[in-house]
Amino acid sequence: MSGRLDGKVAIITGGGSGLGESTARLFAGEGAKVVIADVNVEAGQGVVDDLRSVGSEALFVKTNVAVADDVRFMVEQAVNRFRQVDVLINNAGVQLEKAVPDTTEEDWDFVLGVNLKGAFLCSKYAIREMRKQKSGNIVCISSLSGVVSNPRQASYNASKHGLIGLAKCMAQDHAMEGIRVNVVCPGSMNTPMLDGVPEEHLAPYRKANLLQRFADPGEVANCVLFLVSDDASFVTGAVLVADGGYTTK
């Protein structure tokens, strides 16, 4: 590890598992103080306990990113503990597989609430802190589904497309305040979401990209690290697609 995030404070939503967990562990290894925000207390606190056991500074805050009071409290806790917020990773997300006629209003509000409204709220309160120090980095975790269409994923795809638009607008609005905003669009990853899914169902998706495999979450976490590091100091408003070449077809 090269200490690329020494002294930085990073909030990672959905940090209790999957890509969020991998990103948290990578950031901590690079010297960041990490705030894990998740609705799953056991998973989120477990990651924090692991990080603390190896000498990293970490904090867990139970957070429903779709609820403004939760998000406000999350940012307040980060500042109270670590005095600043340098990095925000909008990673928390949910997914439903339904076509529009089968999607209820409650389904729509749930998916858009977590995936898009959640990123809006987290960015809103984090930017207020970043402005004070005239620097900051936000990465929104969209998806391959943010740049292509998928069957029976209307609410999910709409939220992930929306994240890209939100991030680009924030990049424009806050560039002169020293705040960079970028997007990572992962393809399929080997995460706990796939546990229990029969391999015959997964095989066609594994073969759909040029590398004919799913990504390890750590591979995508490295993309996130690049964007928040000084190595990407001239990168803002960008969409980094980590899809194994799927979109070249």
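1. Some details on helix α5 (residues 154-174)
Compared with the 30 Å implied by 1.5 Å per residue over 21 residues, the 30 Å span of α5 between its first and last C-alpha is a close match. For α5, every residue scored as buried is listed here: Ser-155, Tyr-156, Asn-157, Ser-159, Lys-160, Leu-163, Ile-164, Ala-167, Met-170, Ala-171 and His-174. Of the surrounding elements, those touching the buried residues of α5 are α4 (105-133), β5 (136-141), β6 (179-186) and β7 (239-242).

2. Structural notes on the pairing of strand β2 (residues 33-38)
The buried fraction of β2 is high, at five of six residues. Examined bridge by bridge, strand β1 (residues 9-13) and β2 share five bridges and lie parallel to one another. Following the sheet pairing, Thr-13 is matched in β2 by Ala-37. This β-α-β element, β1 to helix α1 (residues 18-29) to β2, shows right-handed connectivity. One ladder, built from five bridges, connects β2 with strand β3 (residues 58-62); its direction is parallel. Looking at the pairing, Val-34 lines up with Ala-58 of β3. Note that the unit made of β2, helix α2 (residues 41-53) and β3 has a crossover that is right-handed.

3. Side note on the pattern of salt bridges
Counting across every chain of the model gives 10 salt bridges. Put simply, Arg-4 and Asp-231 hold a salt bridge, and the shortest N to O gap is 3.3 Å. Of the two residues, Arg-4 is situated in the segment before β1 and Asp-231 in the loop between α7 (217-228) and β7; the sequence distance between them amounts to 227 residues. For Arg-72, the salt bridge goes to Asp-69, with nearest N and O atoms at 2.6 Å.

4. Brief notes about the nonpolar core
Looking at soluble globular proteins, one finds that nonpolar side chains tend to be buried together. By size, the foremost hydrophobic cluster in this structure holds 35 residues, and its most contacted members are Ile-11, Val-35, Met-74 and Val-85. Those elements that place two or more of their residues in this core are β1, β2, β3, α3 (68-82), α4, β5, α5 and β6. The greatest single-element share of this core, amounting to eight residues, is contributed by α4. Those residues in contact with Ile-11, other than ones at most four positions away along the chain, are Val-35, Met-74, Val-75, Ala-78, Val-85, Val-87, Leu-88 and Ile-89.

5. What about the packing of α1 against α7?
Between two packed helices, the angle of one axis relative to the other and the distance separating the axes together describe the packing. Interaxial distance between α1 and α7 falls to 8 Å at its minimum, and their mutual angle equals 55 degrees. In terms of axis orientation, α1 runs oblique to α7. The element α1 and its partner α7 pack so that their crossing is right-handed. Between α1 and α7, the contacting residues are Gly-18, Leu-19, Ser-22, Thr-23, Leu-26 and Phe-27 on the first element and Pro-217, Gly-218, Val-220, Ala-221, Asn-222, Val-224, Leu-225 and Val-228 on the second. Partitioned by chemical class, the residues of the contact of α1 with α7 number nine nonpolar, five polar and no charged.

6. Topic: the environment of Ser-123
Considering the arrangement of structural elements, one finds Ser-123 in helix α4. Residue classification places Ser-123 among the buried positions, given a relative accessible area of 1%. As a C-alpha pair, Ser-123 and Ala-167 span 44 residues in sequence and 9.4 Å in three-dimensional space. Those residues within four positions of Ser-123 in sequence are excluded, and the remaining contacts are Leu-88, Asn-90, Ile-138 and Met-170.

How each quantity is defined
- Numbering of residues begins from 1 in every chain and follows the order in which that chain's sequence is written.
- Given that this is a predicted model, residues contribute local features only at a pLDDT of at least 70 and side-chain atom pairs are listed and counted only at 80 or more, while totals for whole chains, interfaces and linings are drawn from all residues.
- Excluding hydrogens and water, the side-chain values take into account all heavy atoms of the structure.
- Secondary structure elements follow DSSP: runs of H or I of four or more residues count as helices, runs of E of two or more count as strands, with numbering from the N terminus.
- Expected helix span is given by 1.5 Å per residue-to-residue step, counting one fewer step than there are residues.
- Relative accessible area decides the class of each residue, using a 1.4 Å probe on protein chains only: under 20% of the type maximum gives buried, over 50% gives exposed, and in between gives partly exposed.
- Contacts: residue pairs with any heavy atoms within 4.5 Å of one another.
- Any two strands with at least two DSSP bridges between them are considered paired.
- By the criterion used throughout, a crossover qualifies as right-handed when its path from the first strand across the helix to the second strand runs clockwise, the strands pointing away from the viewer.
- Note on definitions: salt bridges are taken to be side-chain nitrogens of Lys or Arg within 4 Å of carboxyl oxygens of Asp or Glu.
- The criterion is simple. A nonpolar core is a set of buried Ala, Val, Leu, Ile, Met, Phe, Trp, Tyr and Cys residues joined through side-chain atoms within 4.5 Å.
- Each axis is a line fitted through C-alpha atoms, taken for helices only over the stretch in contact, and angles between the N-to-C directions span 0 to 180 degrees.
- In this scheme, roughly parallel covers angles under 35 degrees and roughly antiparallel covers those over 145, while 65 to 115 is roughly perpendicular and the rest are oblique.
- Left-handed describes a crossing whose near helix is turned anticlockwise from the far helix through less than a right angle; right-handed describes the clockwise counterpart.
- Classification used: nonpolar for Ala, Val, Leu, Ile, Met, Phe, Trp, Tyr, Cys and Pro, charged for Asp, Glu, Lys and Arg, polar for all others including Gly.

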